[in-house]
Amino acid sequence: MRTQPSAQPSSGRRVWRNWAGTATATPARWSRPRDEAGISAAVKDAAEAGLTVRALGSGHSFTAAAATSGVALDLSGWTGITAADTATGLVTVRSGTTLRALNAELDGLGLAMANLGDIDAQTLAGALSTGTHGTGARLGGMATQVEALELVLADGSVVTCSASARPELFAAARVGLGALGVISTVTLRCVPSFMLVADERPLPVEEVLEQFDELAAASDHFEFYWFPYGRQVLVKRNNRLTGGDAERGTPVPAALPTWRRFWEFEVMENAGFGTLCRLGRARPRLIPALNRFSSAALSTRTYTDTSHRVFVTPRRVRFAESEYAVPRESLGQVITELRNAVPRLHHPVMFPVEVRVAAADDIWLSTGYGRESAYVAIHQYTGLPYQEYFDRFESIVAEVDGRPHWGKLHSLDSGRLRSLYPRFDEFRRVRAEVDREGRFGNAYLTRVLGAHDL
Ligand SMILES: Cc1cc2nc3c(=O)[nH]c(=O)nc-3n(C[C@H](O)[C@H](O)[C@H](O)COP(=O)(O)OP(=O)(O)OC[C@H]3O[C@@H](n4cnc5c(N)ncnc54)[C@H](O)[C@@H]3O)c2cc1C
């Protein structure tokens, strides 16, 4: 089911609210174009009315990235694949397509995205615009899979950018925060569909930190979850099933039967964990013990499945999240400091910390720009206080020049972000060139990019 930004009547105006409930807005107007000409017309109409425009994705950013008091552009009627070349893997997709729908369409073509994040509710353009990523030491974030973009600019014109056509716009717009225009279509370089062998098992946190580089290098997709009062982490290693595995006689685990998928993903990891979270919210003093219980209950699981059925899991328990990309070599320092900090917090933490990796890339505002990254994501159950925890986390990652995920909670402003991104001023220059009047601005962009250059 597509998660839509909620639209409720409030003082006669529909309210937009994000998935986590951490951002709301009351747009002056809503527009739901069904074709590119409609997107272009909505942008021109907004200009005539002196309103700003924000394209909406699925509302899965924790920040107010999509929030607008101007025109909210709902792209849920602009979906599907428009062209696919199964020989090259190049697939052109309308920007409002959810990753779930895209994965299903790609299945039918024998193609797949090379890497994905944890969920598939986001729209393709929404996910790209904030730098959404999965994990894999040899792979970049989702935006590195983009070959070309079609954008509706502030004057309503439609332009294409790629490595050869308007390369600066391409370097900026692949992770563009919605600041440069409305992405109309995305051309992805997909790969032939593949199976992943998933291996999940608990290991002591010290052992994983000591061997982190080797572990990350040894798997196609490596990550771990750590309950911050516990001593164990859940290590997840997903590796592509190759023809060689069968030839070598390497045992390949079976797919999880439907009942077991339901039991483990829905009952244990969502309903069961949700019950523990509600208990923790009602009795916060129990949280460290519940957290240690969750850590001790981690168990081993191996299975094989179609790539996106391994990458993506249902997330029904709501939470607030912050995530920073840190230089890979500083992960040990960050986790050690977090381990010391969490027991001293006034408000205990219910949710695990997630650690992932990505290769360096060359996209101007990508959190992976120019450096190999470890991603550290912290979460708190919805309704529990998180500010003290998130502030402490930010002070830890600041020491190692951490870069915040653009779609997850953070407090940085343009002054600090300029020092973290070598191409920050070039991004601002391109933005000023393509959107002279700040048609695509909002309060979040003013904070993170600074006042619009005219
Ligand atoms: C449960 C959960 C799990 C998550 N897992 C991961 C994960 O594994 N990895 C990760 O990196 N992130 C993850 N995220 C964060 C999420 O991927 C990003 O915040 C993403 O941007 C959300 O996509 P969306 O479609 O909901 O976009 P929205 O949040 O609605 O919008 C994001 C931005 O994209 C812009 N935008 C949307 N459409 C367009 C368009 N057509 N043209 C131009 N700009 C546009 C919006 O204006 C806004 O600035 C997760 C979030 C949640 C809630």
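Presented here is an overview of the structure given in this document. (Residues numbered from 1 in each chain as written. Predicted model: local features only at pLDDT ≥ 70, side-chain atom pairs only at ≥ 80, totals over all residues. Heavy atoms only, no water.)

Examining unusual backbone geometry
Then comes step 1: Of note in the backbone geometry, Leu-177 takes a positive phi value of approximately 55° without being a glycine.
Then comes step 2: For Leu-177, the position within the fold is in the loop between α4 (167-173) and β12 (182-189).
Then comes step 3: At Asp-401, a position not held by glycine, the phi torsion is positive, near 55°.
Then comes step 4: For Asp-401, a relative accessible area of 39% puts it in the partly exposed group. (Helix = DSSP H or I, 4+ residues; strand = E, 2+ residues; numbered from the N terminus. Buried < 20%, exposed > 50% of the residue type's maximum accessible area, 1.4 Å probe, protein only.)

Digging into the nonpolar core
Then comes step 1: Counting residues in hydrophobic clusters, the biggest one holds 119 residues, and the most contacted among them are Phe-224 and Leu-338.
Then comes step 2: Those residues in contact with Leu-338 that sit more than four places away from it in its chain are Trp-226, Val-353, Val-376, Ile-378, Tyr-389, Phe-393 and Ile-396.
Then comes step 3: By size, the runner-up hydrophobic cluster in this structure holds 14 residues, among which are Ile-39, Leu-51, Val-53 and Leu-73. (Core = buried A, V, L, I, M, F, W, Y, C linked by side-chain atoms within 4.5 Å. Contact = heavy atoms within 4.5 Å.)

A short note on the site of the ligand
Then comes step 1: Lining the immediate environment of the ligand, one finds 36 residues, of which Ala-55, His-60, Ser-61, Gly-126 and Thr-130 sit closest.
Then comes step 2: Gly-59 is positioned such that a nitrogen or oxygen atom in its backbone is 2.9 Å from an oxygen atom of the ligand.
Then comes step 3: For the ligand, whose free accessible area comes to 980 Å², the fraction covered by protein is 99%.
Then comes step 4: Looking at the shell around the ligand, the elements that each hand over two or more residues are β5 (53-56), α3 (124-129) and β12.
Then comes step 5: Tallying contributions element by element places α3 first for the shell around the ligand, with four residues.
Then comes step 6: Here the shell around the ligand is built from residues that sort into 14 nonpolar, 18 polar and four charged. (Near = heavy atom within 4 Å. Polar contact = N/O pair within 3.5 Å; in protein donor to acceptor, adjacent residues only side chain to side chain. Areas by Shrake-Rupley, 256 points an atom, 1.4 Å probe, with all protein chains shown as cover. Nonpolar A, V, L, I, M, F, W, Y, C, P; charged D, E, K, R; others polar.)

Overview of the sheet that holds strand β8 (residues 90-94)
Two modes of strand pairing occur in sheets, parallel and antiparallel, and in both the strands are linked by backbone hydrogen bonds.
Then comes step 1: Sheet architecture is open: five strands sit in the order β7-β8-β12-β10-β11, paired in antiparallel fashion. Strand pairing shows two members of the sheet lacking a second neighbour, β7 (81-85) and β11 (158-162), which therefore form its edges. Adjacent strand axes in the sheet meet at a mean angle of 15° when their direction is disregarded.
Then comes step 2: Bridge count between strand β10 (residues 146-152) and β11: five bridges; the pairing is antiparallel. (Pairing = 2+ DSSP bridges. Axes fitted to C-alpha atoms, helices over the stretch in contact; angles between N-to-C directions.)

Considering the pattern of salt bridges
Then comes step 1: The tally for this structure, following the rule as stated, stands at 24 salt bridges.
Then comes step 2: The shortest N-O distance in the salt bridge between Arg-429 and Glu-168 comes to 3.1 Å. Of this pair, Arg-429 sits in helix α14 (residues 424-434) while Glu-168 is found in helix α4, placing the two residues 261 residues apart along the sequence.
Then comes step 3: On the basis of relative accessible area, Glu-168 is assigned to the partly exposed category, the value being 35%.
Then comes step 4: For Arg-423, the salt bridge goes to Glu-426, with nearest N and O atoms at 3.0 Å.
Then comes step 5: The partly exposed category is assigned to Glu-426, whose relative accessible area is 24%.
Then comes step 6: Put simply, Asp-118, Arg-315, Glu-321, Glu-323, Glu-354, Arg-356 and Lys-408 are held in one network by salt bridges that share partners. (Salt bridge = Lys/Arg side-chain N within 4 Å of Asp/Glu carboxyl O.)

A short note on the sheet that holds β5
Then comes step 1: Pairing within the open sheet is parallel, and its three strands lie in the order β4-β6-β5. Here the strands that pair on one side only, and so sit at the sheet edges, are β4 (29-31) and β5. Neighbour-to-neighbour, the strand axes of the sheet open up by a mean angle of 25°, direction not taken into account.
Then comes step 2: In terms of strand pairing, β4 meets strand β6 (residues 71-74) through three bridges, oriented parallel. By the bridge assignment for β6, Ser-31 is matched with Leu-73.
Then comes step 3: Helix α1 (residues 36-49) contacts β4, β5 and β6 of the sheet and is inclined by roughly 160° relative to β4.

Considerations on the side chain of Glu-354
Then comes step 1: Note that Glu-354 resides in strand β19 (residues 353-358).
Then comes step 2: Of the polar contacts made by the side chain of Glu-354, one reaches the side chain of Arg-356; its length is 3.5 Å.
Then comes step 3: In contact with Glu-354, other than residues within four places in its own chain, are Asp-118, Glu-223, Phe-224, Tyr-225, Tyr-375, Val-376, Ala-377 and His-379.

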